[in-house]
Amino acid sequence: MRKAFISPTKYVQGEDELLNLGYFVTTFGKKALLIAHPEDVKRVKDKLDKTAETFNVSFVESNFHGEASRVEVARLQKVATENECDCVIGLGGGKAIDTAKCVAEGHNLIIVPTIVATDAPTSHSAVLYTEDGQFDDYAYFVQSPSVVLIDTVVIANAPTRFLVSGMGDALSTYFEARATHNSYSNVNAGLPCGAREGVCPPAKGTNTALALAKLCYETILEDGLKAKEASDNNVVTPALENIIEANILLSGLGFESAGLAAIHAIHDGLTILHDAHGATHGEKVAFSTICQLVLENAPKAELYEVLDFALSIGLPVCLADLGVKEITDAELTEVAEKSCIPEESIHSMPFPISVEQVKAAIIVADKIGSSYKQQSN
């Protein structure tokens, strides 16, 4: 059996860690292309200036347009070439990070998240969009980022909703990893650039990745609420540090090397609902987690454990929490059909999946979540 595990070369987090960014730039050279939204640069400008001076490096600001599109990637690759940049830095949220991955094409890449809303920073994949924000394609690279650097002070001062959303994304990691493990399905860690053309054979997940996914779940249950309180008060505590690590490192390694299953597929289906567009990725994933637990008939104690945790930190547990007050049968069918397309991760579940099963799971998850929320109030 071929197995695979992939991870960044180095992961580091700490208070004021941005002050060490210049050091990591020096491991590649003296000049870095900085891909970041101007507002994100403004938030950390003092630290960027200080680390540049300390380590005698320079940052070439790119005036990132805000969309991870092929046009923007091509423009920034030209900027990097013209300025003879030695490495690429993706600083900010998901769009800046994914753009940086595409510009660097997996080489000499430093990722600096300023929010921890998803587990994407550690991965060797990116999502491309059209210029007007529509989904375009996935991109895979030969390696993960060279460095993932997180300043916990910056995270503590970001809006708490991003931290909570990241926990919603992390909540899915163990359950999808468990399903993938039980079905002996393939994982993303076996997909280098060009894998879709059959360059590389598929791979299964490792026991190491499954263990990390389980630790991710245990960590957010233990420290999630405490970390939310720290974020609400803009302070760094051990609990917040643990959740930052869970949201980014444990969940990132877990999803990529242990696998995705029904949860992220149902999330993708939910994106067609106009009323849910205001919900973040992690918020939709949180509700989709409940859907997968219903789909696989998980023990009642496990289902209630997830519901209790979600409610304790303010994650959605029903469609209304996502902004979907009503849903027609036609809309529900469309969601389920999109969740079940051949290339979706839902087929990593350890049993055959049908559109009707997914529709039923969403309906029941919505009713259970809504009722449980009312009882808790």
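What you see is a predicted model; the values in this text were computed from it and never measured.

Caption draft 1: Summary view of a negative patch on the surface. On the surface, Asp275, Glu331, Glu334 and Glu337 cluster together into a patch of negative charge. Take Glu337: its relative accessible area is 45%, and that puts it in the partly exposed class.

Caption draft 2: Region of interest: unusual backbone geometry. A positive phi angle, near 55 degrees, is found at Asn56, a position not held by glycine. As for its position among the elements, Asn56 is in the loop between helix H3 (45-55) and strand E3 (58-61).

Caption draft 3: Just the UniProt feature "binding site: NAD(+)" (unreviewed entry) in the chain, in detail. According to UniProt, the "binding site: NAD(+)" (unreviewed entry) feature falls on Gly94, Lys95, Ala96, Ile97, Asp98, Ser123 and Tyr129. Here Gly94 shows up in helix H5 (residues 94-104). A relative accessible area of 40% means that Gly94 is categorised as partly exposed. Within the fold, Asp98 resides in helix H5. In this structure Asp98 comes out as buried when scored by relative accessible area, which is 10%. Discounting residues that sit within four places of it in the chain, Asp98 has contacts with Ala68, Ser125, Ala126 and Val127.

Caption draft 4: Representation of the pattern of salt bridges. In this structure the tally under the stated criterion is 18 salt bridges. Across the pair Arg43 and Asp40 runs a salt bridge, and its minimum N-O distance is 3.6 Å. With Arg43 and Asp40 both in helix H2 (residues 38-43) and three residues apart, the pair spans about one turn of that helix. Since its relative accessible area comes to 41%, Arg43 is described here as partly exposed. Taking the shortest distance from any N to any O, the salt bridge between Lys45 and Asp49 comes out at 2.9 Å. Here Asp49 and Lys45 lie together in helix H3, a separation of four residues that amounts to about one turn. What makes Lys45 partly exposed here is its relative accessible area of 31%. Residue Asp49 is classed as partly exposed on the basis of its relative accessible area, which comes to 41%.

Caption draft 5: How the structure looks around the environment of Lys10. Inspection of the secondary structure puts Lys10 in strand E1 (residues 10-14). C-alpha of Lys10 to C-alpha of Ser146: the two residues are 136 residues apart in sequence and 6.3 Å apart in space. In this view, Lys10 contacts Phe24, Ser146, Val147 and Val148; residues no more than four positions away in its chain are not counted.

Caption draft 6: Highlighting the environment of Ala286. In this structure, Ala286 sits in helix H12 (residues 281-295). Separated by 56 residues in the primary sequence, Ala286 and Pro342 place their C-alpha atoms 23 Å from one another. Every residue in contact with Ala286, bar those within four places of it in the chain, is listed here: Gly168, Leu171, Leu315 and Pro316.

Caption draft 7: View of the pairing of strand E7 (residues 135-140). As paired strands, strand E6 (residues 125-129) and E7 are joined by five bridges and run antiparallel to one another. Paired with Tyr129 across the strands is Phe135, a residue of E7. With antiparallel pairing between neighbouring strands as the criterion, E6 and E7 make up a hairpin whose turn holds five residues, including Gly133 at a positive phi of roughly 90 degrees.

Caption draft 8: Up close: the UniProt feature "domain: Alcohol dehydrogenase iron-type/glycerol dehydrogenase GldA" (unreviewed entry) in the chain. When the UniProt feature table is mapped onto this chain numbering, "domain: Alcohol dehydrogenase iron-type/glycerol dehydrogenase GldA" (unreviewed entry) sits at residues 8-152. Along residues 8-152 one finds 33% helix and 28% strand; the C-alpha atoms at either end are 19 Å apart.

Caption draft 9: Molecular detail of the sheet that holds E3. Here we have six strands laid out as an open sheet, ordered E1-E8-E5-E4-E2-E3, and parallel in their pairing. For this open sheet the edge positions go to E1 and E3, each flanked by a neighbour on one side alone. Strand-to-strand, the axes of this sheet are offset by a mean angle of 20 degrees, without reference to chain direction. Where strand E5 (residues 109-113) lies against strand E8 (residues 147-151), two bridges are found, and the strand directions are parallel. Residue Ile110 lies in a different strand from E8, and its bridge partner there is Val147. Taken strand by strand, H3 contacts strand E2 (31-35), E3, strand E4 (87-92) and E8, and its axis lies near 135 degrees from that of E3.

Caption draft 10: Geometry of empty space enclosed by the protein. This structure, assessed with the given rule, holds one cavity of 30 Å³ or more. Taken as a whole, the largest cavity encloses approximately 30 Å³ of empty space. Of the residues in the lining of the largest cavity, the class split is seven nonpolar, one polar and no charged. There are two domains that each give the lining of the largest cavity at least three residues, and those are domain 1 (10-157) and domain 2 (160-376).

Caption draft 11: View of the state of the cysteines. The final tally for this structure, using the stated rule, is zero disulfides. Sulfur of Cys85: no disulfide; nearest cysteine sulfur belongs to Cys87 and is 7.7 Å away. On the basis of relative accessibility, which here comes to 18%, the residue Cys85 falls in the buried class. Counting only cysteine sulfurs, Cys291 is the nearest neighbor of Cys318, a cysteine outside any disulfide, at a range of 11 Å.

Caption draft 12: Main features of helix H14 (residues 329-339). The complete set of buried residues in H14 reads Leu332, Thr333, Val335, Ala336 and Ser339. An end-on view of H14 places all buried positions within 160 degrees of arc, on one side of the element. On the buried face of H14, the contacting elements are helix H11 (262-270) and helix H15 (355-376).

Parameters and conventions
- Residues numbered from 1 in each chain as written.
- Predicted model: local features only at pLDDT ≥ 70, side-chain atom pairs only at ≥ 80, totals over all residues.
- Heavy atoms only, no water.
- Patch = residues over 30% accessible without salt bridge, like charges linked within 9 Å, V, L, I, M, F, W, Y side chains within 5 Å.
- Areas by Shrake-Rupley, 256 points an atom, 1.4 Å probe, with all protein chains shown as cover.
- Salt bridge = Lys/Arg side-chain N within 4 Å of Asp/Glu carboxyl O.
- Lys, Arg positive; Asp, Glu negative; His and termini not counted.
- Charge placed at Lys NZ, Arg CZ, Asp CG, Glu CD.
- Buried < 20%, exposed > 50% of the residue type's maximum accessible area, 1.4 Å probe, protein only.
- Helix = DSSP H or I, 4+ residues; strand = E, 2+ residues; numbered from the N terminus.
- UniProt positions renumbered as here; feature names shortened; annotations may be inferred.
- Contact = heavy atoms within 4.5 Å.
- Pairing = 2+ DSSP bridges.
- Axes fitted to C-alpha atoms, helices over the stretch in contact; angles between N-to-C directions.
- 1 Å grid on protein atoms, 1.4 Å probe; cavity = no way out; pocket = protein on both sides within 12 Å on 5 of 7 lines; lining within 4 Å.
- Points joined across faces, edges and corners; volume = space filled by probe spheres on them.
- Nonpolar A, V, L, I, M, F, W, Y, C, P; charged D, E, K, R; others polar.
- Domains from an automatic or database assignment.
- Disulfide = S-S within 2.5 Å.
- Arc of directions from axis to C-beta.

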